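Structural features, examined
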Amino acid sequence: MPSRSGFVCIIGRPNAGKSTLLNALVGEKLAIISPKPQTTRNRIVGIVNLPKSKTQDPTQIILIDTPGVHKPDSSLGRKMLVEIREALEGCNAVLLLIDVAQKPDARDKFALRMLKDSRAEVFLVLNKIDLLKGKDKLLPLIEDYKDLHQFHDIIPVSALKNDGLDTLLERIALALPVAPPYFPKDQMTDQPTRFMAAEMIRERVLIETAEELPYATTVIVDSFEEELKLTRIAATIYCEREGQKGILIGKKGQMLKKIGTSARLQIEKMLGTRVFLELFVKVHPNWRQSRDFVEELDWRRQLEHLTGSGR
Ligand SMILES: Nc1nc2c(ncn2[C@@H]2O[C@H](COP(=O)(O)OP(=O)(O)OP(=O)(O)O)[C@@H](O)[C@H]2O)c(=O)[nH]1
Ligand SMILES: [Mg+2]
């Protein structure tokens, strides 16, 4: 039986809803989400398998969520841009995701310039249509975007309300080449659970803190021991200044406790075991500007060290 398969990259400005879309299409929480821009810092794979139907062959869509396109001003920002470039390499289709409440700007143009050597079909996906009063508002926006690129297709959706997503999947499937699936049917991502746990802790930090702190924090899982019914995790939240450490810990440790409890509940849900979570807070001055530290945060790199295949 012929089947289709291919890689589909989701790109767009920070906060457009890329990670919300990835999670909604896969039907699982693979990427963390927050109302703050620049939540996603690395590429995240999510795999969707569509069964054979009247109009389509069985299809495996390998989605890649990416960090928001922005002008970087730190090593972290530059690494995020590299993640987008790597995600775009060799992909079959690209979804340029936009928030319909926003007008096109330099970041969209930059995103489209990144695609100039790519042979991928580019879809314009108009997200957050649930916020629109009247679909007639879409037409002028579509005209503005049409001036920037010749899109393969234009599809309005609401990632949050699950609206238009079946149509989107069908159209993507038709744009993919005839190929066998790349991943086993039961695999949803390539991210190790250890890294997803670190992200879940970071998500709680993003949600519980304000101003500069969400951007100045990162999380590394120091140990991850799986027993039959219990997973023991120790993780460190890094920030850049003593004052930030004080906020993260909070009065009598209240803030850290709040972050730990809500992260633990999420991790338990993901792993299906009880979790014993120990959190530490450390200051690493200016870590966002440190190329070495930013590289260390890359889970693919961490995995090399863990399996002993690294340098
Ligand atoms: N109303 C509405 N809100 C949405 C929709 N999709 C996403 N959001 C919200 O938009 C905000 C940003 O969503 P994310 O999925 O984190 O956006 P992102 O593009 O991944 O952002 P970065 O990772 O920072 O680049 C969150 O508050 C989401 O709940 C939608 O269809 N409708
Ligand atoms: Mg994101």
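Residues numbered from 1 in each chain as written. Chains lettered and ligands numbered in written order. Predicted model: local features only at pLDDT ≥ 70, side-chain atom pairs only at ≥ 80, totals over all residues.

If you walk across this open sheet you meet the six strands as S2-S3-S1-S4-S5-S6, and the pairing is mixed. Taken across any chain shown, the strands that pair with only one partner, and hence form the sheet edges, are strand S2 (44–50) and strand S6 (153–156). Mean inter-strand twist for the sheet, computed between neighbouring axes without regard to direction, equals 25 degrees. Sheet topology note: the strand S1 (residues 4–11)/strand S4 (residues 93–99) ladder contains four bridges and is parallel. In the strand pairing of S4, Ile 10 is matched with Leu 95. Sitting on the sheet, helix H1 (residues 18–26) is in contact with S1, S2, strand S3 (59–65), S4 and strand S5 (121–127), with an inclination near 35 degrees to S2. (Pairing = 2+ DSSP bridges. Helix = DSSP H or I, 4+ residues; strand = E, 2+ residues; numbered from the N terminus. Axes fitted to C-alpha atoms, helices over the stretch in contact; angles between N-to-C directions. Contact = placed C-beta atoms within 7 Å.)

Before going further, it helps to spend a moment on the sheet that holds strand S7 (residues 218–226). Across the sheet, three strands lie side by side as S7-S8-S9; this open sheet has mixed pairing. Both outer strands of the open sheet, S7 and strand S9 (274–283), are each paired with one neighbouring strand and no more. When strand polarity is set aside, the average angle formed by the axes of neighbouring strands in this sheet is 15 degrees. Strand direction decides the pairing type here: strand S8 (residues 230–239) and S9, joined by ten bridges, are parallel. Each bridged residue has a counterpart across the sheet, and for Thr 236 the counterpart in S9 is Phe 280. Each of S8 and S9 touches helix H9 (residues 254–271); the most contacted strand, S9, lies at about 140 degrees to it.

Here we come to the nonpolar core. The biggest cluster of nonpolar side chains holds 70 residues, and the ones touching the most others in it are Val 8, Cys 9, Ile 64, Leu 96 and Ile 201. At eight residues, helix H6 (residues 193–208) tops the list of elements feeding residues into this core. Structurally, this core is a two-domain feature, drawing no fewer than three residues from each of domain 1 (4–175) and domain 2 (193–307). When near neighbours in sequence (up to four residues on either side) are disregarded, Ile 64 contacts Phe 7, Cys 9, Ile 10, Arg 43, Ile 44, Val 45, Ala 87 and Cys 91. (Core = buried A, V, L, I, M, F, W, Y, C linked by C-beta atoms within 7 Å. Buried ≥ 20, exposed ≤ 12 C-beta atoms within 10 Å, placed from the backbone. Domains from an automatic or database assignment.)

Right, let's get into the pairing of S8. Both faces of the sheet carry side chains from a regular strand, because those side chains alternate between them. By the bridge criterion, eight bridges tie S7 to S8 in an arrangement that is antiparallel. Its bridge partner lying in S8, Glu 225 is registered against Arg 232. Two successive antiparallel strands, S7 and S8, enclose a turn made up of three residues.

Before going further, it helps to spend a moment on the site of ligand 1. Close to ligand 1 lie 23 residues; Gly 17, Ser 19, Thr 40, Gly 68 and Leu 160 are nearest. Examining the composition of the shell around ligand 1, we find that three residues originate from one element, H1, more than from any other. Counted by class, the shell around ligand 1 contains nine nonpolar, eleven polar and three charged residues. (Near = placed C-beta within 6 Å. Nonpolar A, V, L, I, M, F, W, Y, C, P; charged D, E, K, R; others polar.)

Turning next to H1. The element H1 is largely enclosed, with a buried count of seven among its nine residues. Residues Lys 18, Ser 19, Leu 21, Leu 22, Ala 24, Leu 25 and Val 26 constitute the buried set of H1. Tucked into the core, H1 has its buried residues touching S1, S2, S3, S4, S5 and helix H5 (165–175). Gly 27 occupies a position one or two residues after H1 and carries a positive phi of about 80 degrees.

What follows deals with the domain arrangement of the protein. Splitting the protein by domain gives domain 1 (4–175) and domain 2 (193–307). One C-alpha centre belongs to domain 1, the other to domain 2; they are set 27 Å apart. Domain 1 puts ten residues into the contact, and the matching count from domain 2 is 14 residues. Tallied by class, residues from the side of domain 1 that touches domain 2 come to two nonpolar, six polar and two charged.

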